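# Examining the three-dimensional arrangement
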Amino acid sequence: MYGIVLSRRDFRESDQIISILTADEGKQEYIARGIKKIISKNTSHLEPCSLVSFGIAHGKKEFSYLPDVQPVEQFFYIRTSLQKLHIVGYSVDAILNTLKDGEEDKKVYHFFLSFLKFFDTAEKIRLFLLDGFLIKLFSHLGYHPVIDACVVCKKSYKDIGLEFLKQELQPGWYFAGGGMVCCSCKIEKQKIGETVLVCGLKEISTLEFLLRSDWKDILEYKLEKDEYKKIHKLIYEFVLYHSEKKWKDWGKMMG
């Protein structure tokens, strides 16, 4: 079986519990016996973000064990850059915090693997890539944002754009509805105390770009500093709302 190592934590005196993401069995935990011993042959193979091939031995209790692990891809260049490690570490935490154990999800597995393979050899390092990773991840998890029309009155994106150009009526992002709202619906939702973030057409078009583009195009996408702050705020608030957990602001990770 193939899998991506997500984390490892101490268990008993010389063992560790290894969390691995697989295509067929989702996120699973296994015990690696004796991995903390100097003579263990599996220690270097089970570093987080390593792609490995492994066998499973089922124990008498609820735990399964890793009797044999073979390295497939170590993503060496990620480990040589502190900035890359910060970004990948956050992506791993996102996977750990959003996926339930044992839920098969081939799409998320291959999505994460494609991210690691690209970022390993990428020459540029941009936090914008992490924004793209997170909105794509939540889209895969069933929270695909609606950006082609108002989620309340169904007014088209084109008509919302014309309203903005002619009357400067600013649309919004309606979190409970899962997407964009026109100016009129934004005002109505705000009146009754629902969470709506004011946003421009630039942020919405950038969000659409992130959802449809590959990693290379995202890394090369031109964005001014103020524009990045706006789209980052939208994605960060989107993640907070749909995960119902506290997330550190990755936009401040590298100063």
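One can find the structure itself at the top, above this paragraph.
Report on the accompanying structure. Model, not experiment: these values are computed from the prediction. (Residues numbered from 1 in each chain as written. Predicted model: local features only at pLDDT ≥ 70, side-chain atom pairs only at ≥ 80, totals over all residues. Heavy atoms only, no water.)

### A look at the overall build of the chain
- Scanning the chain from terminus to terminus reveals nine helices and 10 strands.
- Along the first, second and third principal axes, the C-alpha atoms of the chain reach 70 × 40 × 25 Å.
- Within the chain, the proportion of its 255 residues that are buried is 48%.
- About 13500 Å² of surface is accessible on the chain, with carbon and sulfur atoms providing 51% of the total.
- Distance between charge centroids for the chain: 2 Å, based on 38 positive and 35 negative side chains. (Helix = DSSP H or I, 4+ residues; strand = E, 2+ residues; numbered from the N terminus. Buried < 20%, exposed > 50% of the residue type's maximum accessible area, 1.4 Å probe, protein only. Areas by Shrake-Rupley, 256 points an atom, 1.4 Å probe, with all protein chains shown as cover. Lys, Arg positive; Asp, Glu negative; His and termini not counted. Charge placed at Lys NZ, Arg CZ, Asp CG, Glu CD.)

### Things to note about the packing of helix H2 (residues 82-98) against helix H4 (residues 127-140)
- H4 packs onto H2 with a crossing angle of 15° between their chain directions and a minimal axis gap of 10 Å. The orientation of H2 with respect to H4, classified from their angle, is roughly parallel. As for how H2 packs across H4, the hand of that crossing is right-handed. For the pair formed by H2 and H4, the contact residues are Ile87, Tyr90, Ser91, Ala94, Ile95 and Thr98 on the first element and Leu127, Leu130, Phe133, Leu134, Leu137 and Phe138 on the second.
- Tallied by class, residues from the contact of H2 with H4 come to 10 nonpolar, two polar and no charged. (Axes fitted to C-alpha atoms, helices over the stretch in contact; angles between N-to-C directions. Parallel < 35°, antiparallel > 145°, perpendicular 65-115°, else oblique. Left-handed = near helix turned anticlockwise from the far one by under 90°. Contact = heavy atoms within 4.5 Å. Nonpolar A, V, L, I, M, F, W, Y, C, P; charged D, E, K, R; others polar.)

### Concerning the nonpolar core
- Residues Phe112, Phe115, Phe133 and Trp173 are the most contacted members of the largest nonpolar core, which totals 67 residues.
- Counting residues per element, this core draws most heavily on H4, at nine residues.
- Not counting the four nearest positions on each side in its chain, Phe115 is found in contact with Ile87, Val88, Ser91, Leu129, Phe133 and Trp215.
- Tyr30, Ile35, Phe54 and Val69 belong to the second-largest nonpolar core, a separate cluster that totals 11 residues. (Core = buried A, V, L, I, M, F, W, Y, C linked by side-chain atoms within 4.5 Å.)

### Quick look at the layout of surface pockets
- Looking at the second largest pocket, its volume works out to about 180 Å³.
- Along the lines of polarity and charge, the residues of the lining of the second largest pocket split into six nonpolar, three polar and four charged. (1 Å grid on protein atoms, 1.4 Å probe; cavity = no way out; pocket = protein on both sides within 12 Å on 5 of 7 lines; lining within 4 Å. Points joined across faces, edges and corners; volume = space filled by probe spheres on them.)

### Some words on the sheet that holds strand E8 (residues 172-174)
- Taking strand neighbours across the sheet as the criterion, the three strands line up as E9-E8-E10 in an open arrangement whose pairing is antiparallel. In the strand order of this sheet, the two ends are held by strand E9 (179-181) and strand E10 (196-198), each with one partner. When strand polarity is set aside, the average angle formed by the axes of neighbouring strands in this sheet is 35°. (Pairing = 2+ DSSP bridges.)

### Comments concerning unusual backbone geometry
- Located in the positive-phi region is Lys154, a residue other than glycine, with phi close to 70°.
- One can find Lys154 in the loop between H4 and helix H5 (157-167).
- Relative accessible area serves as the criterion here: at 59%, Lys154 is assigned to the exposed category.
- The backbone phi angle of Glu168 is positive, close to 55°, even though this residue is not glycine.
- Mapping Glu168 onto the fold places it in the loop between H5 and E8.

### What about the pattern of salt bridges?
- Across all of its chains, the model carries 12 salt bridges by this definition.
- The salt bridge involving Glu104 is made with Lys106; its shortest N-O contact spans 2.6 Å.
- For Lys233, the salt bridge goes to Glu237, with nearest N and O atoms at 3.8 Å. Here Lys233 pairs with Glu237, and both are found in helix H9 (residues 225-243), just four residues apart, close to one helical turn. (Salt bridge = Lys/Arg side-chain N within 4 Å of Asp/Glu carboxyl O.)

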